Amino acid sequence: MFFVDTLEFEGLGNRSYLVGGPRAAVAVDPPRDVDQVIAAAAKRGVCIAYVAETHVHNDYITGGLELARITGASYLVPAAAHVSFARTPVADGDTVTVDEGLVLRALATPGHTPHHTSYVLEEDGRGAAAFTGGSLLIGTVGRPDLVEPRLTEELARAQHASAHRLADELDDEVPVLPTHGFGSFCSSSQAEGDATTIGRERTANDALTLDVDTFVAEMLAGLDDVPAYYAHMGPANAAGPAPVDLTPPGRADAGEIAARLAAGEWVVDLRSRTAFAEGHVAGSFNFEGDGKLATYLAWLIPWGKPVTLLADTPERIADAQRELARVGIDRPAAAATGDPAAWIREGERLASFPRARFADLAEVRGRGEEVVVLDVRRDSERAAGHVEGAVHVPVHELYGRLDEVPSGTVWVHCAGGMRAAIAASLLDAAGRAVVAVDDGFDAAREAGLTVTRP
């Protein structure tokens, strides 16, 4: 008998796995904060004999090198991956014995990267689980455009071939256990559902139901924006990431917070968008700790810029620090918790701005008031319909394009409210009058606003 423990990282939309038998296990695509993997192994009472990477990751910093160092495990990395550290190179067909009756077999599945490798767990000689990384995902595949633009079509065709190879070599009942596809921008589209098998993918995945030319054309046409911080992840992983440091940052008082803002550093408020709108340090930015913090903060912040974190509790700071370390934002410059009134100097006041619904926007427009409507969704979302007359600047571009937003009070919206809150905080920090629309986009048409297509 074997076990598979799934470690979920909702903020990044990824999963890692610990799989093994009674005595030993292998960790597949581990996160940078490896204490979670070690704790899972301890709970199972197994040693980590192997750490396996499916590819050099583009969307997060791996903990594989550090986990192998701590545990003494063999570090399995695709042989064709260009890395600068000692590892056990694996090629197509290579096998390792994880535990009695349990063998891990490497299966070359290029497409997400040229060297991408899936791993098939075989129990007594039969395929029992497939760890597919960024190859075959739930209802989709990993995107092929993250390595080199000139290779994109070639890798898209390789994805199609790799999906068929997995389907040809494995039985229908074999579970497919991918790393990406649960919100990660490494996925060519988002997964539908939480679990799948080879048999289900055989009937539902475009890579297995469409001919290669149609599949490639449709996938390439649907690729979305690439987070800017991805450019730093691959090189960091290839060089060998440093161990993570999760010791608490120093405490910042009101004077230090003001000084860091004056120096042009980022001060990030992790509280809910509701609490932030009601009262916040002028000049600070709102990235909700419960949202996709790592993805959007790492996407927007100038790389290497010091960041100070503000939150209700020390626990929220610790959670954010852990999540940010996964994308290479290693050490907050400082942090503060508690009552926001303590984050400002004597004589200063907290800043605020109003929140609204699309119905409120419709009412204001109905009275003939001139307002700026700013849509901060991605291009692909806007293509499906937008509020007539809305200015469009995707949230990940807004910090560098604030001067393009027309003068006047800005009513900013996204698809649900989280990105609008980020955008509203950027505009507010720049001295703009802003209203954050905290509403689902479907409510725009229901409110009587005209929704059109480009």
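The structure under discussion appears in the preceding block.
What counts, and at which threshold
Residues numbered from 1 in each chain as written. Predicted model: local features only at pLDDT ≥ 70, side-chain atom pairs only at ≥ 80, totals over all residues. Heavy atoms only, no water. Helix = DSSP H or I, 4+ residues; strand = E, 2+ residues; numbered from the N terminus. Rg over C-alpha atoms; globule rule 2.2 N^0.38 Å. Buried < 20%, exposed > 50% of the residue type's maximum accessible area, 1.4 Å probe, protein only. Contact = heavy atoms within 4.5 Å. Areas by Shrake-Rupley, 256 points an atom, 1.4 Å probe, with all protein chains shown as cover. Lys, Arg positive; Asp, Glu negative; His and termini not counted. Charge placed at Lys NZ, Arg CZ, Asp CG, Glu CD. Pairing = 2+ DSSP bridges. Core = buried A, V, L, I, M, F, W, Y, C linked by side-chain atoms within 4.5 Å. Phe/Tyr/Trp six-rings, centres within 6.5 Å; stacked < 30°, edge-to-face > 60°. Lys NZ or Arg CZ within 6 Å of the ring centre and 35° of its normal. Axes fitted to C-alpha atoms, helices over the stretch in contact; angles between N-to-C directions.

Along its length, the protein chain carries 16 helices and 22 strands. For a compact globule of 454 residues, the expected C-alpha radius of gyration is about 22 Å, and the protein chain comes in at 24 Å, within 12% of that figure. Dimensions of the protein chain, computed from C-alpha atoms along their principal axes, come out at roughly 70 × 50 × 35 Å. Burial statistics for the protein chain: of 454 residues in total, 54% are counted as buried. Contacts spanning at least 24 positions in sequence make up 68% of the contacts within the protein chain whose residues lie at least 6 apart. Entry remark: accessible area of the protein chain is about 18,200 Å², with carbon and sulfur atoms responsible for 49%. Distance between charge centres in the protein chain, computed from 39 positive and 66 negative side chains, equals 3 Å.

What follows is about the pairing of strand S1 (residues 3–9). Only one face of S1 is covered, namely the one carrying Phe 3, Asp 5, Leu 7 and Phe 9; the face carrying Val 4, Thr 6 and Glu 8 has none of its residues buried. Between S1 and strand S2 (residues 14–20), which pair antiparallel and follow one another directly, the connecting turn spans four residues, one of which, Gly 13, has a positive phi of 75 degrees.

What tends to happen in soluble globular proteins is that the nonpolar side chains get buried as a cluster. By size, the foremost hydrophobic cluster in this structure holds 52 residues, and its most contacted members are Trp 266, Phe 287, Leu 297, Leu 300, Leu 374, Leu 398 and Val 412. At seven residues, helix H10 (residues 293–300) tops the list of elements feeding residues into this core. Counting residues in each nonpolar core, the second largest holds 22 residues, with Phe 9, Ala 27, Val 37 and Leu 67 among its members.

Let us look at the environment of Ala 24. Mapped onto the fold, Ala 24 is located in strand S3 (residues 24–28). Distance in space between the C-alpha atoms of Ala 24 and Gly 181 is 28 Å, their sequence separation being 157 residues. In this view, Ala 24 contacts Val 46, Cys 47, Ala 49, Val 98 and Asp 99; residues no more than four positions away in its chain are not counted.

This part takes up the packing of aromatic side chains. Scanning all chains against the criterion turns up 11 aromatic pairs. Seen from their ring centres, Phe 358 and Phe 441 are 5.9 Å apart, and the 85 degrees between their planes marks the pair as edge-to-face. In this pair, Phe 358 sits in helix H12 (residues 358–366) while Phe 441 sits in the loop between strand S21 (434–437) and helix H16 (442–446), placing the two residues 83 residues apart along the sequence. You can call Phe 358 buried: its relative accessible area is 0%. Overall, Phe 441 belongs to the buried group, its relative accessible area being 14%. One aromatic cluster in this structure is built from Trp 266, Phe 285, Phe 287 and Tyr 399. Cation over ring: Arg 377 sits above Phe 441, and NZ or CZ is 4.0 Å from the ring centre.

In a beta sheet, neighbouring strands pair by backbone hydrogen bonds and run either parallel or antiparallel. Spatial ordering of the open sheet is given by S7-S8-S9-S10-S11, a layout of five strands whose pairing is mixed. For this open sheet the edge positions go to strand S7 (95–99) and strand S11 (176–178), each flanked by a neighbour on one side alone. Direction aside, the axes of adjacent strands within the sheet are offset by 25 degrees on average. As judged from the seven bridges shared by strand S8 (residues 102–108) and strand S9 (residues 117–123), these two strands associate in the antiparallel manner. Paired with Ala 106 across the bridge in S9 is Tyr 119. In the packing of helix H3 (residues 152–169) onto the sheet, the strands contacted are S8, S9 and strand S10 (126–133), and the crossing angle to S8 comes to about 145 degrees.

Now for the sheet that holds strand S17 (residues 372–375). The strand order across the open sheet built from five strands is S16-S21-S20-S17-S19, with neighbouring strands paired in parallel fashion. The open sheet is flanked by strand S16 (355–356) and strand S19 (391–392), the only strands paired with a single partner. The sheet contact formed by S17 and S19 spans two bridges and is parallel. Counterpart to Asp 375 in the pairing with S19 is His 392. Where H12 meets the sheet, its contacts fall on S16, S17, strand S20 (410–413) and S21, and the angle it forms with S20 comes to roughly 150 degrees.

We now examine the pairing of strand S14 (residues 307–311). The buried count for S14 comes to five of five residues, which makes it a mostly enclosed element. Alternating positions in S14 separate into two faces, Val 307, Leu 309 and Ala 311 on one and Thr 308 and Leu 310 on the other, with burial throughout. Relative to strand S15 (residues 334–337), S14 runs parallel, the two being bridged by four bridges. By the bridge assignment, Leu 309 is partnered in S15 with Ala 335.

Structural measurements only, silent on function.
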